[in-house]
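The residues making up each chain are set out below.
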Amino acid sequence: MGKQSKQPVYQQESAPTAKRVDDLLDRMTLLEKAGQVTGGWGGHFRQYLDVDDLAAAVRESRIGAVAPFGWGGSLTSDPAEAAAIANRLQRTSIEDSRLGIPLLFNVDAVHGHAYISGATVFPNGLGAAATWDPELIRECAAVTAREVRATGAHQNYSPTVDVGRDPRWGRIFETFGESPLLVSELTAAKVRGYRGDGIADPDSVLATAKHFPAYGEPERGEDAAPVDVSEYKLHNTFLEPFKKAIGAGVDSVMPSYNSINGEPSHGSTSALSTLLRDELGFDGHVVSDWDGIRHLHEDHKTATDHADSVHQARKAGVDIGSVGYIPHADRIIELVESGALDEDVLETSVRRILSIKFDLGLFEDPYVDEGGVDETVGAHTHRETARKAAKESMTLLKNDDLLPLTGDEDIFVGGPNADDLVHQLGGWSVDQDDGLPGQTIREAIESATTGEVTHTTGTTLNDTTDIDTAVENAAAADVAVLALGEGWYLHEFGPEQQAGVATNEWPTRSELRLSEAQRDLVQGVHETGTPVVGVLVTGRPLIVDWMADNVPAILMAYFPGTAGGVAVAETLFGENDPSGRLPVSIPRSPGDLPQHHDGLRHPTPIGSDEHPDSYDPLFQFGHGLSYTDFEYESVSITDTDVRTAESDSPVVTVDVTVANVGERQGTETIPVYATPQYSTRVRPERELVAFDRVHLKSGERRTVTIEISGRSLSYFIPQQGRILESGDYEFIINGNSIVASVTGSQ
């Protein structure tokens, strides 16, 4: 029968995955099983581990997943070295073992393979969301997947699926904003981009939806603090993007660090088994968020010690302890041998991990082409995609006829973010400029104008340096461009060493305005009489109320990535029409928080005229100006025959005719908001239910048909499930309000 029939079933490529898993699992010892569900790291974390340390752990403890690169403290940021490390460790796992099970390599590549030098880095989450362009988000994710696989990694700890509901939070920049629908659509697009034609596609990566089930509205805006929400809010706000990710085929889910309803997510059976698997139907694997398991006994104090934490996480439904390393595997062995943990629970997780490795094709093709990595990472076509994303993200908040510039002005460029590529990348990227590709804002402006460009920083993020010189140079210029905002940070605006800012120094969750030094710079330059363009390079939606009142132009650039400098310059000089729209509200005051476009209806006991508006931010969700003018000439709504609350098919369609009546081409984003006239439960005053984009030349008009699904009009009621209520709904498009009747499932 030939050689293949003599091979063990698990080594037969043509055998079904389930049979290969069964055969391999039957051959594995307890130590080998424990190793497969345990991950390790290379670099600085709890202790420093080099390649030799990892190789020994793989050889002796059969560790099945590793992260030697692609995160902040890793062994290398060099792409060729990363590929070489992957192959060395993979060779150890396969050749120095009796079963030859390959390793799974994972990375944090949330906005490009940004911890690798020379990689293509896209706008961070909020900037990407400002494009309101799912297809572009899919393209960015596909580029990221190709670059990740080129270095030898297989799983990306992305997308971030959190709905960002607190602008104070240090991780809101990773999110797609405050709207469950916008987050859902962009999440699904990103999952599709990562997965390509399926995980057998050599240019795809495993997608990991994080942080389940709710992370984006922590108490006090403090990272990892409890998210104490009702079941009603949990389902209607935070779970919708996870449902969309699961529908798009997401491979993995990562629990959140925080607790919900008093239960830490990493130890919650109700979250990771009942909700995630039984109710939402997820059948992939659950990977811990780094030290999330240890947090159970070290921080939450819901476990007595490390063994108890591992036990709780395993019982709850965690499949891989991502950085548990040898102690995690040892605890599993002890728990099984003592009878505290049923070996069937362990084997369920092992089956999931082995299935992934078979489906990825790692048993047949485990190694990466070290010679091809430099051709892929940072390829020209990839950088063009990043440039497109950065340009589409540019959000013009205010423009008193100052922009676009003509290109021959003498320009003063200042501010702490004018000449800093690391700040343009933002967090979850390399924290040192060791030859980063791309131009800073200053460099891009110098390339774009024939006028004289002068530059003085004026301040660091927190401290004044040479404001007097900045003011003097600004006074001599025709226009002053001040690049302000935040710098590189993670979590609670640190770590100190990488972020360059001491703990409790700005930025902090207690202060959403610019630092005092930066405010002094803006006001000093403004007093010269030179018109000011404020460019906000920032992770959070900062309160810039003084600038909104006094500065003629404000451009929101977010953390725009390696192409951010060029995107800013092309926008300032009119080569790029700003088409970005805010994915999050910018508040007037921290006292207004929490504040979202979709706040629930409520009484005004002493009368609405005596009650200040609940939603009156500095800049509304969806806001963004263009250099051209659009008119909405007609809006009509048509009912369909769909009546299902869970359906993505349209319940109603909206036909909108939009005309570009300005002198420039431009892109208009068309958001559709809706609210029922009557509902069984309290519903938002309005919420985003659909959107589309249309690009129009000057004088062009087009009718756009937007489909509104049953799912986007329905909502969840505890003990009842999701319902689509019949009745009249108000639909709001560009200030036009239309009431239409919808026949629902109830």
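Everything numeric here is computed off the predicted structure, so don't read it as measured data.

## What to know about the overall build of the protein chain
In terms of regular secondary structure, the protein chain is built from 24 helices and 26 strands. Over its C-alpha trace the protein chain gives a radius of gyration of 26 Å, about what one expects of a compact globule, namely 27 Å for 746 residues. With the C-alpha coordinates aligned to their principal axes, the bounding extent of the protein chain is approximately 80 × 60 × 55 Å. Counting over 746 residues, the protein chain shows a buried share of 63%. Taking the contacts inside the protein chain whose residues are at least 6 apart along the sequence as the reference set, 76% of them involve residues at least 24 apart. Of the roughly 26600 Å² of accessible surface on the protein chain, a fraction of 43% belongs to carbon and sulfur atoms. Computed over 59 positive and 116 negative side-chain charges, the separation of the two mean positions in the protein chain equals 7 Å.

## A short note on unusual backbone geometry
A cis amide bond links Gly494 to the next residue, Pro495, at an omega of -5 degrees. Inspection of the secondary structure assignment puts Pro495 in the loop between strand 15 (479–485) and helix 20 (496–499). A cis geometry characterises the amide bond from Leu593 onward to Pro594, with omega recorded as -5 degrees. Even without a glycine there, the phi angle at Asn261 is positive, about 55 degrees.

## Regarding a negative patch on the surface
Negative charge collects at one region of the surface, where Asp78, Glu81, Asp369, Glu370, Asp374 and Glu375 lie side by side. Tracing the backbone through its elements, the reader meets Asp369 in the loop between helix 14 (343–359) and helix 15 (373–376). Accessibility expressed as a relative area gives 55% for Asp369, which makes it exposed.

## Considering helix 10 (residues 269–279)
Within helix 10, the full set of buried residues consists of Ala271, Leu272, Leu275, Leu276 and Arg277. Burial along helix 10 is one-sided: seen end-on, the buried residues are contained in an arc of 165 degrees. Exposed residues on helix 10 whose side chains face more than 90 degrees from its buried face are Asp278 and Glu279. Directly after helix 10, the chain includes Gly281, whose backbone phi takes a positive value near 80 degrees.

## Notes on the sheet that holds strand 26 (residues 736–742)
Read from one edge to the other, the open sheet built from four strands follows the order 21-20-25-26, with strand pairing classed as antiparallel. Lying at the two open borders of the sheet, with one neighbouring strand each, are strand 21 (687–696) and strand 26. Within this sheet the neighbouring strands show an average axis-to-axis angle of 25 degrees, counted without direction. Looking at chain direction, strand 25 (residues 727–733) and strand 26 are connected through seven bridges and run antiparallel. Bridge pairing links Asp728 to Ser741 in strand 26.

## Here we look at the packing of aromatic side chains
With the rule as written, the count across this model stands at 18 aromatic pairs. Between Trp41 and Phe45, the aromatic rings sit 5.3 Å apart at their centres with planes inclined by 80 degrees, giving edge-to-face as the arrangement. By relative accessible area, which is 0% here, Trp41 ends up buried. Members of the aromatic cluster, each reached through a chain of ring pairs, are Trp41, Phe45, Trp71, Trp290 and Tyr325. The aromatic ring of Trp428 is capped on one face by Lys210, whose charged end is 5.6 Å from the ring centroid. Positioned above the aromatic ring of Tyr673 is the side chain of Arg686, whose terminal nitrogen or guanidinium carbon lies 4.2 Å from the ring centre.

## Let's talk about the nonpolar core
In terms of nonpolar packing, the biggest core is built from 148 residues, with Leu24, Leu89 and Phe212 touching the most fellow members. If you tally residues by element for this core, the top one is helix 7 (residues 180–195), at eight residues. Ignoring anything within four residues of it in the chain, the contact list for Leu24 reads Tyr10, Leu99, Ile101, Leu354, Phe358 and Phe363. Grouped together as the second largest cluster of nonpolar side chains are 47 residues, Val413, Val533, Ala567 and Tyr627 included.

## Quick notes on the sheet that holds strand 22 (residues 701–709)
The strand order 18-19-22 describes an open sheet built from three strands, whose pairing is antiparallel. Edge positions in the sheet fall to strand 18 (630–639) and strand 22, since each of these pairs with one other strand and no more. Here the strands of the sheet are splayed against their neighbours by 20 degrees on average, with no regard to which way each runs. Bridge analysis of strand 18 against strand 19 (residues 650–660) gives nine bridges, and the strand direction is antiparallel. Of the residues in strand 19, the one forming a bridge with Glu631 is Ala659.

## With respect to the packing of helix 12 (residues 306–316) against helix 13 (residues 325–338)
Two elements in contact, helix 12 and helix 13, have axes separated by 9 Å at closest approach and are oriented at 75 degrees. Looking at the two axes, helix 12 sits roughly perpendicular to helix 13. Contacts between helix 12 and helix 13 pair His306, Ala307, Val310, His311 and Arg314 from the former with Pro327, His328, Arg331, Ile332 and Leu335 from the latter. Split into classes, the residues belonging to the contact of helix 12 with helix 13 amount to five nonpolar, three polar and two charged.

## So, the side chain of Thr657
Relative to the helices and strands, Thr657 resides in strand 19. Ignoring sequence-local partners within four residues, the contact set of Thr657 consists of Glu631, Tyr632, Glu633, Ser634, Arg702 and Thr703.

## Topic: the pattern of salt bridges
For the structure on display, the rule yields 44 salt bridges. Arg277 is the salt-bridge partner of Asp319, the closest N and O atoms lying 3.1 Å from each other. Taken together, the residues span a long stretch of sequence, with Asp319 in the loop between helix 12 and helix 13 and Arg277 in helix 10 at a distance of 42 residues. For Arg277, a relative accessible area of 13% gives the class buried. Residue Arg702 pairs with Glu700 through a salt bridge whose shortest N-O separation is 2.9 Å.

Cut-offs and rules
Residues numbered from 1 in each chain as written. Predicted model: local features only at pLDDT ≥ 70, side-chain atom pairs only at ≥ 80, totals over all residues. Heavy atoms only, no water. Helix = DSSP H or I, 4+ residues; strand = E, 2+ residues; numbered from the N terminus. Rg over C-alpha atoms; globule rule 2.2 N^0.38 Å. Buried < 20%, exposed > 50% of the residue type's maximum accessible area, 1.4 Å probe, protein only. Contact = heavy atoms within 4.5 Å. Areas by Shrake-Rupley, 256 points an atom, 1.4 Å probe, with all protein chains shown as cover. Lys, Arg positive; Asp, Glu negative; His and termini not counted. Charge placed at Lys NZ, Arg CZ, Asp CG, Glu CD. Patch = residues over 30% accessible without salt bridge, like charges linked within 9 Å, V, L, I, M, F, W, Y side chains within 5 Å. Salt bridge = Lys/Arg side-chain N within 4 Å of Asp/Glu carboxyl O. Arc of directions from axis to C-beta. Pairing = 2+ DSSP bridges. Axes fitted to C-alpha atoms, helices over the stretch in contact; angles between N-to-C directions. Phe/Tyr/Trp six-rings, centres within 6.5 Å; stacked < 30°, edge-to-face > 60°. Lys NZ or Arg CZ within 6 Å of the ring centre and 35° of its normal. Core = buried A, V, L, I, M, F, W, Y, C linked by side-chain atoms within 4.5 Å. Parallel < 35°, antiparallel > 145°, perpendicular 65-115°, else oblique. Nonpolar A, V, L, I, M, F, W, Y, C, P; charged D, E, K, R; others polar.

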